[in-house]
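Architecture and fold: a report
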Amino acid sequence: MTKDDRRPVYFLSDSTGITAETLGNTLLTQFPANHFDRITVPFITTADQARSVVKSIDGVAASGPQPIVFSTAVNNDIRHILATCKGIVVDLIGMHVGQLEQAMGIPASGEPGRAHGLGNAARYQSRMAAVEYAMEHDDGQSLRALEKAQVILVAPSRCGKTPTTMYLALQHGIFAANFPLVDEDFEREGLPKPLRPFVSKCFGLSSNPLRLSQIRTERRSGSPYASLRQCGFELRSAEQLYVSHRIPYLNSATVSVEEMAATILQRMNIKH
């Protein structure tokens, strides 16, 4: 096959499939010139289901490029059945379980669903509480209990505040609020009054004018809000505000939510 052909990629799991997708897609980023058709099959919990998935993969393999198969199944029987398919199988769990069993001196449990399920009830509940907090404190809607925030994202509109706070909450259980910067804040040239007691918790986001204008145009085409001039003014003013108050910040224009979250946790020294 040529690099222009779309190769089928399967993410198989006896749980949600999130780990298979995350690890598999991370590996695939090392091959940017290739194109992939991605199929996720979660909750493969019986031998019959596993055999059905193998039959489907074998059918695809018979009529086109050999599929790549990423598997995070932890059940031995299911793993062995999936390994018989005619795809190129990358067993993301099985290749390491044996090493850990030897190191620990005990066999692995083989129970699916530990990574993203309710296996750790306390951690799950903390993440749900963090999500509720992020929703309540999105875009400055509520100023209640701001002292509970571990980080407050500050930025002009459409710089990525909401998806980043939600990711921090859902993925890491971080209590994150976000607060918009508007023209009135730039005219005062000071930090908005509700944030002043919590400046040490603030983290700023910026962007580049062209990118921000493109995003805002999708929302309000032809408006002053989306104009390149307005976007440039707001971003310059926001960065001046961050610098004057010693608020750390990053440019979100070409950075993923995952990368932004990791940077915020590191630079704010937030443990999770």
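This structure is a prediction, so every number in the text was calculated from the model and none was measured.

The next thing to look at is the pairing of strand β7 (residues 202–206). The buried count for β7 comes to five of five residues, which makes it a mostly enclosed element. Burial along β7 is two-sided: the residues Cys202, Gly204 and Ser206 and Phe203 and Leu205 are all buried. The sheet contact formed by strand β5 (residues 151–156) and β7 spans three bridges and is parallel. The residue of β7 that forms the bridge with leucine 153 is phenylalanine 203. Note that β7 and strand β8 (residues 249–251) share three bridges and pair parallel. Paired with leucine 205 across the two strands is leucine 250, which belongs to β8.

The end-to-end C-alpha separation of helix α5 (residues 121–136) is 23 Å, in line with the 22 Å expected for 16 residues at 1.5 Å each. Inspection of α5 places Arg127, Ala130, Val131, Tyr133 and Ala134 among the buried residues, and these make up the whole buried set. Viewed end-on, α5 has its buried residues packed into an arc of 165°, placing them on one side of the element. Facing away from the buried side of α5 by over 90 degrees, the exposed positions are Ala122, Gln125, Glu132 and Met135. On the buried face of α5, the contacting elements are α6 (161–172) and β6 (176–181).

Spatial strand order, β2-β1-β3-β4: four strands in an open sheet with parallel pairing. Where the open sheet ends on each side, the last strands, each with one partner, are β2 (35–41) and β4 (88–91). Neighbour-to-neighbour, the strand axes of this sheet turn through a mean angle of 20°, independent of strand direction. Running at roughly 170° to strand β1 (residues 6–12), helix α2 (residues 47–63) makes contact with β1, β2 and β3 (68–71) of the sheet.

With that settled, consider the pattern of salt bridges. Using the criterion set out here, one finds six salt bridges in the structure. The residue aspartate 48 makes a salt bridge to arginine 51 at a minimum N-O spacing of 2.9 Å. Pair noted here: aspartate 48 and arginine 51 are both in helix α2, with a separation of three residues, about one helical turn. In this structure aspartate 48 comes out as exposed when scored by relative accessible area, which is 57%.

What follows covers the side chain of serine 71. Secondary-structure assignment places serine 71 in strand β3. Here alanine 73 takes part through its backbone nitrogen, which lies 3.3 Å from a polar atom of the side chain of serine 71. Setting aside chain neighbours within four positions, we find serine 71 in contact with Leu12, Leu82, Val90, Asp91, Leu92 and Ile93.

Helical geometry note: an α-helix holds 3.6 residues per turn, so side chains three or four residues apart project in the same direction. Here α6 spans 16 Å end to end across twelve residues, near enough to the 16 Å set by a 1.5 Å rise per residue. Every buried residue of α6 is accounted for by Lys161, Thr164, Thr165, Leu168, Ala169 and His172. Projected onto a plane normal to the axis of α6, the buried residues spread over an arc of 130° and lie on a single side. For α6, the secondary structure elements touched by its buried residues are α5, β5, β6, β7 and α10 (257–267).

Per the counting criterion, the structure on display carries four aromatic pairs. Ring centres of tyrosine 133 and phenylalanine 175 lie 5.1 Å apart, and the angle between their planes is 45°; this geometry places the pair in the tilted category. Of the two residues, tyrosine 133 sits in helix α5 while phenylalanine 175 sits in the loop between α6 and β6, which places them 42 residues apart along the sequence. Assessed through its relative accessible area of 6%, tyrosine 133 is described here as buried. Accessibility expressed as a relative area gives 21% for phenylalanine 175, which makes it partly exposed. Consider the rings of tyrosine 242 and tyrosine 249, whose centres lie 5.1 Å apart with planes at 40°: the pair is tilted. Its guanidinium or amino end placed over the ring of tyrosine 225, arginine 216 lies 4.3 Å from that ring's centre, counting from NZ or CZ. Taking NZ or CZ as reference, arginine 220 lies 4.4 Å from the ring centre of tyrosine 225, over its face.

Rules used in this analysis
- Residues numbered from 1 in each chain as written.
- Predicted model: local features only at pLDDT ≥ 70, side-chain atom pairs only at ≥ 80, totals over all residues.
- Heavy atoms only, no water.
- Buried < 20%, exposed > 50% of the residue type's maximum accessible area, 1.4 Å probe, protein only.
- Helix = DSSP H or I, 4+ residues; strand = E, 2+ residues; numbered from the N terminus.
- Pairing = 2+ DSSP bridges.
- Expected span 1.5 Å × (residues − 1).
- Arc of directions from axis to C-beta.
- Contact = heavy atoms within 4.5 Å.
- Axes fitted to C-alpha atoms, helices over the stretch in contact; angles between N-to-C directions.
- Salt bridge = Lys/Arg side-chain N within 4 Å of Asp/Glu carboxyl O.
- Polar contact = N/O pair within 3.5 Å; in protein donor to acceptor, adjacent residues only side chain to side chain.
- Phe/Tyr/Trp six-rings, centres within 6.5 Å; stacked < 30°, edge-to-face > 60°.
- Lys NZ or Arg CZ within 6 Å of the ring centre and 35° of its normal.

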